[in-house]
Amino acid sequence: MPWRKRAQAHRKREDALYDRLIVDAVSGKASGMNTWAAEFAREDKPEGNQGRLMKQFTATAISMQTFILACILYPQWIPRAQREIDAVVGPDRLPSFKDRPRLPYVEALVRETFRWRPAARFGIPHQSTADDVVEYKGTEYFIPEGSIIFAVPWPHDQERFENHDMFQPERFLDDANNLKSDYETSAFGFGRRVCPGMPFAERALWINIAMILWTFNIRKSAEPDPKTGLPFKYDDSDLAFNGEFTNAPFKFPAVFEPRSVHRAEVVRQEWAECEKDLNVLLPQHKER
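If you check an unreviewed UniProt entry, the protein chain appears there as Cytochrome P450 from Mycena pura. Its UniProt record, at the heading Cofactor (unreviewed entry), says of the protein chain: "heme". Reading the Pathway (unreviewed entry) entry of the UniProt record for the protein chain gives the comment "Secondary metabolite biosynthesis."

Encoded structure:
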């Protein structure tokens, strides 16, 4: 199919970019300090491991897995979210970004997903370039030059929120069901080194959540755990998540049921229309 050839051309360009960046990192051309990319490459092979490297940064995919787990373990909020979406969007089209200002509860779902289980378990390591002193709760901590620093977001939210282990989107709404204005998140890091992909990740998670809840009801699977033969045990404890730097839940089964035959057909029609736009999304790349 023509779009596959164009996608392969884009992948070839991405591979070339990755190779150049890894060479710069390993050779020291990237900066005057030891970079995490260089260390990562040395752990695997001199040219690095693109698949494993990129897996560490699939924050949106991890957040979607976390959101689905929340749907299964805390389903009581789903009807409220679907009522809000239905009132604004209706039954004849999928949600779009133009609906976002009128869907505060869906916005709260995005915020709670990032808060409940941040996609980055420990944050990305940084290296201090000079001696520094940091004050925290009245105590000063000396950080020598060259120290490797991990900003851990999880305890930060434990202190700020009551019932922090619970998935409760309402915590981001006021008494009038409007979004609270003092929102901040540590899921993407802190200060000047905050992840530059934060706006993209928030938008991607928002539209995925809105579309999924418009289309599907989500529930537990009745199939037994293939490892034990017993009903699958759903878990949201620390032991149920894994990753070196990322914080993804272990694999779990989930059942997605279309909310109606009509909605399923609307989705099929939307997909057919999207396929027509592939020439715009993947323009023909001419090799130079």
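S.K.: Where do I start with the pattern of salt bridges in this structure?
M.R.: Side-chain pairs of opposite charge can arise where the charged atoms are in close proximity. Summed over all chains, the structure comprises twelve salt bridges. Of the charged contacts, one joins Arg117 and Asp238 as a salt bridge, the two residues approaching to 3.0 Å between their closest N and O atoms. With Arg117 in the loop between helix 6 (104-116) and strand 1 (126-127) and Asp238 in the loop between strand 5 (216-219) and strand 6 (241-242), the pair connects residues that are 121 residues apart, well separated along the chain. When salt bridges with common partners are traced through the structure, they connect Asp86, Arg259 and Arg263 into a single cluster.

S.K.: What's the story with the packing of aromatic side chains in this structure? I'm lost.
M.R.: Geometry of an aromatic ring pair is reported as the spacing of the ring centres plus the angle between the planes. Enumeration over the complete set of coordinates arrives at eleven aromatic pairs. Ring geometry for Phe232 against Tyr234: centres 4.9 Å apart, planes inclined by 65°, an arrangement best described as edge-to-face. One aromatic cluster in this structure is built from Phe67, Tyr74, Trp77, Trp116 and Phe167. Sitting over the ring of Phe241, Arg117 keeps its end group 4.4 Å from the ring centre. One cation-aromatic arrangement involves Arg263 over Trp214; the distance from NZ or CZ to the ring centre is 4.7 Å.

S.K.: Got a minute to help me understand the nonpolar core in this structure?
M.R.: Grouped burial of nonpolar side chains is what soluble globular proteins tend to show. Within the largest apolar cluster, 43 residues are counted, with the highest numbers of intra-cluster contacts made by Phe67, Trp77, Leu109, Ile209 and Leu213. Going through the elements one at a time, helix 4 (59-73), helix 5 (78-89), helix 6 and helix 8 (198-215) are the ones with two or more residues in this core. If you tally residues by element for this core, the top one is helix 8, at nine residues. Ignoring anything within four residues of it in the chain, the contact list for Phe67 reads Trp77, Thr113, Ile209 and Leu213.

S.K.: For this particular structure, what's the right way to read the side chain of Asp99?
M.R.: If you trace the backbone, Asp99 turns up in the loop between helix 5 and helix 6. Excluding its chain neighbours within four sequence positions, the residues that come into contact with Asp99 are Val88, Val89, Arg93 and Trp206.

S.K.: Explain the side chain of Ser63 here, please?
M.R.: Structurally, the position occupied by Ser63 is in helix 4. We classify Ser63 as buried; its relative accessible area is 1%. The residues touching Ser63, leaving out its near neighbours within four places in the chain, are Thr113, Phe114, Ala119 and Leu205.

S.K.: Would you take a moment to explain the UniProt feature "binding site: heme" (unreviewed entry) in the protein chain for this structure?
M.R.: The UniProt record marks Cys195 with the feature "binding site: heme" (unreviewed entry), using the residue numbering of this structure. With respect to the helices, strands and loops of the structure, Cys195 is situated in the loop between helix 7 (153-160) and helix 8.

S.K.: Explain the packing of helix 4 against helix 6 here, please?
M.R.: It is at 10 Å that the axes of helix 4 and helix 6 come closest, and there the two elements cross at 100°. In terms of orientation, helix 4 lies roughly perpendicular with respect to helix 6. Residue-level contacts link Ser63, Thr66, Phe67, Leu69 and Ala70 of helix 4 to Thr113, Phe114 and Trp116 of helix 6. Within the contact of helix 4 with helix 6, the residues separate by chemical class into five nonpolar, three polar and no charged.

S.K.: Mind showing me how you'd approach helix 5 here?
M.R.: Each turn of an α-helix holds 3.6 residues, which means side chains three or four residues apart point in the same direction. Given a rise of 1.5 Å per residue, twelve residues ought to cover 16 Å, and the 16 Å separating the end C-alpha atoms of helix 5 matches this to within 8%. Where helix 5 is concerned, the buried positions are Ile78, Ala81, Gln82, Glu84, Ile85, Val88 and Val89. For helix 5, the buried positions fall inside an angular range of 160° around the axis, keeping them on one side. Exposed positions of helix 5 whose direction lies more than 90 degrees from the buried face are Arg83 and Ala87. Close packing links the buried residues of helix 5 with helix 4, helix 6, helix 8 and strand 5. One or two residues past the end of helix 5 sits Gly90, with phi positive at roughly 85°.

S.K.: Looking at this structure, how should I read the packing of helix 6 against helix 8?
M.R.: To characterise two packed helices, one gives the angle between the axes of the helices and the distance between these axes. In contact at an axis separation of 9 Å, helix 6 and helix 8 are set at 120° when each is read in the N-to-C sense. Relative to helix 8, the element helix 6 lies oblique. Read as a crossing pair, helix 6 and helix 8 show a hand that is right-handed. Between helix 6 and helix 8, the contacting residues are Val106, Glu107, Leu109, Val110, Thr113 and Phe114 on the first element and Ala201, Glu202, Leu205, Trp206, Ile209, Ala210 and Leu213 on the second.

What counts and what doesn't
- Residues numbered from 1 in each chain as written.
- Predicted model: local features only at pLDDT ≥ 70, side-chain atom pairs only at ≥ 80, totals over all residues.
- Heavy atoms only, no water.
- UniProt positions renumbered as here; feature names shortened; annotations may be inferred.
- Salt bridge = Lys/Arg side-chain N within 4 Å of Asp/Glu carboxyl O.
- Helix = DSSP H or I, 4+ residues; strand = E, 2+ residues; numbered from the N terminus.
- Phe/Tyr/Trp six-rings, centres within 6.5 Å; stacked < 30°, edge-to-face > 60°.
- Lys NZ or Arg CZ within 6 Å of the ring centre and 35° of its normal.
- Core = buried A, V, L, I, M, F, W, Y, C linked by side-chain atoms within 4.5 Å.
- Buried < 20%, exposed > 50% of the residue type's maximum accessible area, 1.4 Å probe, protein only.
- Contact = heavy atoms within 4.5 Å.
- Axes fitted to C-alpha atoms, helices over the stretch in contact; angles between N-to-C directions.
- Parallel < 35°, antiparallel > 145°, perpendicular 65-115°, else oblique.
- Nonpolar A, V, L, I, M, F, W, Y, C, P; charged D, E, K, R; others polar.
- Expected span 1.5 Å × (residues − 1).
- Arc of directions from axis to C-beta.
- Left-handed = near helix turned anticlockwise from the far one by under 90°.

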